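# Tertiary structure, described
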Amino acid sequence: MKAPEIGETAIKLEGVWVNFNGAVILEDVNLSIEAGRYVGILGPNGAGKSTLLKVILGLIRPQRGRVQVLGQSPEKLRQHGSAVGYLPQRPLGNPRFPVTVADVVLMGRYGRIGLFKRPRREDRELVRRRLEDLSISHLANRLIGDLSGGEQQRVFIARALCVDPRILILDEPTVSLDACAQDDIFELVHTLREKLNLTVLIVSHDIGAVARHMDDVVCINRRIHVHQRPPIGRLSLESTFGCAVEYLFHGEIPHRVVKTHDD
Amino acid sequence: MMTDLFALGFLQRALAAAILVSLLCGVLSTFVVLRRMAFIGVGISHSAFGGVALGFLLGIDPLWTGIGFALMVALLIEYAQTRTAVEEDTAIGIFFAASMALGLVFLHLSRAYNVDVFGFLFGNILAIDTRQLWQILVVTVAVLAVILTFFKEIVFLSFDEEMAWVNGVPVKALRYLFLVLMALVVIITIYLVGIILVSALLVIPGAIAQNLARQLKSMVWVSTGAAVGSAVGGLILSYAIDFPSGATIVLMLALLYLGTSGLRPWLHHR
C-alpha cells in the first residue's frame with residue numbers, strides 16, 4: 001500500500017449538488033481533504049451527513065458537480081476493488097444471518113479477490129491480522145448476531161480495513177454504544193489511522209470526541225463549513241445546528257451539546 | 001410392493017424430476033429466505049400463469065411462454081422498485097394479479113377447456129414425460145452452476161448489498177441474475193407442485209434450515225435435505241394413500257417447519 005504523500009488530496013468535491021425527491025440535500029458543496037487527515041463531520045439530523053459520505057463512496061451520484069477520490073471518480077475507483085473502507089450506519093441488516101465473524105471480515109476481501117476466484121491463504125492471513133488489530137481474534141468463530149453492539153462495530157471496522165483501504169469512512173460508528181465503548185472506538189480508529197496511514201472521515205454526534213480526536217471538523221447543514229482546527233466556536237455550531245447550543249464543561253473540553261429551541 | 005412401484009416408468013420419471021426440482025429449490029431457498037424475497041417468489045410464480053395460458057392460446061409449449069412471463073414480471077418488479085417510487089410489495093401485488101387476470105383471459109379466448117389447467121395450478125408430477133424431464137435436468141444443472149460460480153458474491157449481496165457495491169461487487173447485475181434464476185426455478189417447480197404451491201418450495205426449506213443451522217453452508221445443506229426429503233417422501237406417500245402429490249409434499253414441508261420451530265430456541269442456546 002502506497003503511503004499518502006503530504007499535501008496530496010485524498011478527496012475533492014467541487015460544486016456538488018444533490019437533490020432527493022425535489023428537496024436539496026447538498027447545496028454547492030466544495031470540500032478538499034488532504035491525505036492522512038482525521039476528519040470529523042458534524043451536523044443535525046437530516047443535514048446531509050450520510051449523503052455526503054455516499055457521494056464520496058459513489059453510492060449517490062450528484063446532480064451537479066465533480067467528485068474525485070484519490071484522483072479518480074468514485075465509480076472508477078470501485079471497479080478496481082476500491083481503496084475506500086466503509087462502515088455503514090446500520091451494517092447488520094439481518095441479525096439472524098448465519099455467518100461467523102471471520103466470514104464477515106473475509107467479505108471485505110471479496111471485491112479485491114474478484115469474480116470467479118476463491119479466497120486464498122493471503123486473504124485469510126489478512127483477516128487474521130485485522131482481527132488482531134481490532135483485538136477480536138477470540139471472536140473469530142462466533143456468529144455475528146450473537147455479539148454485543150461494540151463487538152459488532154469492531155468486526156465491521158475490521159471488514160472495512162480488509163479492503164486494504166487508503167481512506168476509511170465511518171458513518172456514526174458510536175451511535176448505539178455506551179460512553180466507554182464510544183471512547184474505545186475513537187481511540188482505536190486513532191491508532192489504526194497511524195498504523196495503516198489512513199485518511200479517516202467520521203460522522204459523529206459526539207462533538208466532544210470530535211474536538212478531542214480530529215484534525216479537521218466539517219460542519220454540515222446542506223452547506224458546509226470547514227474548521228481547520230478545534231476548538232469549534234459556539235457561533236459556528238449554532239449556525240450549523242440552527243438553534244441555540246449550550247456547552248457543558250467537564251474540564252477543558254465541551255462534552256455535550258444541549259439544544260434549546262426558542263419555538 | 002415397493003419394487004413394483006419403482007418399476008413403473010412414470011413413477012421413475014416423477015421421482016427423478018422431484019429429486020432434481022427439490023434439490024434446486026432447496027439451494028435457492030436459502031437465499032430467498034436470507035434476502036427476504038418470499039413475496040417475490042409468490043409474485044413470480046403466480047405471474048407464470050399468464051404465460052402458461054398464453055402458451056395454450058398460441059399452441060406452443062407453455063414452458064417457454066411461462067418462462068417469458070415469469071422473467072418479464074421479475075424484471076418489471078426490479079425495475080419498478082429501483083427506478084420508480086413504487087414500493088416493492090405494491091409492485092409485486094399489482095404485477096402478479098394483472099398477469100393472473102391476463103392468464104384467465106387467454107384461457108377464455110383459447111377455449112381450451114380440455115387442457116390440464118388444474119395440473120398447472122396444482123402440479124401433476126406423475127404426468128411428466130421424458131422431454132420435460134430433460135428440460136428439468138438442463139435447468140437444474142445450469143442454475144446450480146451459476147449459483148456455485150457466484151456463491152461468495154451472492155452471500156455478500158444477501159448479507160449487505162450496499163457494502164458489496166462499495167467493495168466493487170457487480171451488485172446490479174447479480175440482482176437481475178438472481179431474479180432470472182428464480183424465474184427459471186419457479187417454472188420447472190410448477191411441474192412438481194403447481195403454480196399455486198411453488199412459493200412453498202422456495203420459502204419453507206430455507207425457513208426450516210434457518211431453524212436448525214447456525215452456519216450458512218450447513219443451512220444450504222439442511223435446506224436441500226429438507227426439500228429433497230419432503231419431495232421424495234411426499235411423492236411416495238401421496239401415491240400410497242392416493243393423495244394429490246403436490247399438496248402432500250407441501251404439507252410435509254409445512255409440518256417439518258412447525259416441528260423444527262419448536263426445536264429452535266433449544267438449538268440456538270447452547
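Residues numbered from 1 in each chain as written. Chains lettered and ligands numbered in written order. Predicted model: local features only at pLDDT ≥ 70, side-chain atom pairs only at ≥ 80, totals over all residues.

## Concerning the overall build of chain A
Helix and strand counts for chain A stand at eight helices and 11 strands. When contacts within chain A are restricted to residue pairs at least 6 apart in sequence, those whose partners lie at least 24 apart make up 65%. (Helix = DSSP H or I, 4+ residues; strand = E, 2+ residues; numbered from the N terminus. Contact = placed C-beta atoms within 7 Å.)

## Comments concerning the overall build of chain B
Counting secondary structure elements, chain B contains 13 helices and zero strands. Ordered by position from the N terminus, the helices and strands of chain B form the series α-α-α-α-α-α-α-α-α-α-α-α-α. Relative to a compact globule of 270 residues, whose C-alpha radius of gyration would be 18 Å, chain B shows 19 Å and is just as compact. Its C-alpha atoms give chain B principal-axis dimensions of roughly 55 × 45 × 30 Å. Across the 270 residues that make up chain B, the buried fraction comes to 49%. (Rg over C-alpha atoms; globule rule 2.2 N^0.38 Å. Buried ≥ 20, exposed ≤ 12 C-beta atoms within 10 Å, placed from the backbone.)

## A word on the confidence of the model for chain A
Residues and elements named next belong to chain A. With 83% of its residues at a pLDDT of 70 or more, chain A has an overall mean of 83. At the low end of the mean pLDDT range in chain A sits strand S11 (residues 253-260), at 40; at the high end sits helix H4 (residues 121-133), at 95. This stretch, residues 246-263, has a pLDDT under 50; its non-local contacts, to residues over four places away or in other chains, come to 29 contacts. (pLDDT = per-residue confidence, 0-100.)

## Regarding the sheet that holds strand S1 (residues 9-20) of chain A
Residue and element names in this part refer to chain A. Strand order in the open sheet made by the three strands is S2-S1-S4, with antiparallel pairing throughout. Both edges of this open sheet fall to strand S2 (23-34) and strand S4 (64-69), since each of them pairs with a single strand only. Averaged over all pairs of adjacent strands, the angle between their axes in this sheet comes to 15°, without regard to strand direction. As paired elements, S1 and S2 share eight bridges and run antiparallel to each other. (Pairing = 2+ DSSP bridges. Axes fitted to C-alpha atoms, helices over the stretch in contact; angles between N-to-C directions.)

## Notes on the pairing of strand S3 (residues 38-42) of chain A
All names here are of chain A. When you tally the buried positions in S3, you get five out of five residues, the bulk of the element. Burial along S3 is two-sided: the face carrying Tyr38, Gly40 and Leu42 and the face carrying Val39 and Ile41 are both buried. By the bridge criterion, four bridges tie S3 to strand S7 (residues 199-203) in an arrangement that is parallel. Looking at S7, one finds that Ile41 is bridged to Val203. Across four bridges, S3 lies against strand S8 (residues 216-221) in parallel orientation. From the neighbouring strand, Leu42 faces S8, where its bridge partner is Cys219.

## Considerations on the interface of chain B and chain A
The interface of chain B with chain A comprises 20 residues on the first partner and 25 residues on the second. Counting only elements with at least two residues in the side of chain B that touches chain A, the list comes to helix H8 (151-159), helix H9 (161-166) and helix H12 (216-241) of chain B. Taken together, the residues of the side of chain B that touches chain A sort by class into 10 nonpolar, five polar and five charged. (Nonpolar A, V, L, I, M, F, W, Y, C, P; charged D, E, K, R; others polar.)

## Focus: the domain arrangement of chain A
All names here are of chain A. As assigned here, chain A comprises domain 1 (1-83 + 165-233) and domain 2 (92-163). No other element matches helix H6 (residues 179-196), which puts six residues into the side of domain 1 that touches domain 2. For the side of domain 1 that touches domain 2, the class distribution of residues is nine nonpolar, three polar and one charged. (Domains from an automatic or database assignment.)

## Concerning the environment of Tyr110 of chain A
Checked against the element boundaries, Tyr110 of chain A lands in helix H3 (residues 101-113). In this structure Tyr110 of chain A touches Lys152, Glu153, Phe156, Asn167 and Val169 of chain B, once residues within four positions along its chain are discounted.

## Some points on unusual backbone geometry
Negative phi is the rule for most residues except glycine; trans is the rule for most peptide bonds. Residue and element names in this part refer to chain A. In this structure, Leu70 is a non-glycine residue whose phi angle is positive, near 50°. Relative to the helices and strands, Leu70 resides in the loop between S4 and helix H2 (74-79). By the C-beta count within 10 Å, which is 20 here, Leu70 ends up buried. The phi dihedral of Arg222 falls on the positive side, at around 75°, and the residue is not glycine. Looking at where Arg222 falls in the secondary structure, it is placed in the loop between S8 and strand S9 (223-227).

## Some words on the nonpolar core
Residues Val21, Ala70 and Ala183 of chain B are the most contacted members of the largest nonpolar core, which totals 166 residues. At 14 residues, helix H10 (residues 171-193) of chain B tops the list of elements feeding residues into this core. Among the domains, domain 1 (1-83 + 165-233) and domain 2 (92-163) of chain A are the pair contributing at least three residues each to this core. Ignoring any residue separated from it by four or fewer positions in sequence, one finds Val21 of chain B in contact with Ile136, Ile188, Thr189, Tyr191, Leu192 and Ala231 of chain B. (Core = buried A, V, L, I, M, F, W, Y, C linked by C-beta atoms within 7 Å.)

## Details of H8 of chain B
Burial analysis of H8 of chain B places eight of its nine residues in the buried class, which makes it a mostly covered element. Among the structural elements, H3 of chain A together with helix H2 (9-34), helix H7 (130-149), H9, H10 and H12 of chain B are those in contact with the buried residues of H8 of chain B.

## Some words on the packing of H3 of chain A against helix H5 (residues 149-161) of chain A
Residue and element names in this part refer to chain A. Interhelical geometry of H3 versus H5 gives an angle of 30° and a closest axis separation of 6 Å. Regarding the angle of H3 to H5, the classification is roughly parallel. Our pair here, H3 against H5, has a crossing hand that is right-handed. Packed against H3, whose contacting residues are Val101, Val104, Val105, Met107 and Gly108, the element H5 presents Val155, Ala158, Arg159 and Ala160 at the interface. (Parallel < 35°, antiparallel > 145°, perpendicular 65-115°, else oblique. Left-handed = near helix turned anticlockwise from the far one by under 90°.)

## Side note on the environment of Arg83 of chain B
Position of Arg83 of chain B among the secondary structure elements: in helix H4 (residues 62-83). Put simply, Arg83 of chain B and Gly51 of chain B are 32 residues apart on the chain and 25 Å apart in space, counted from C-alpha to C-alpha.

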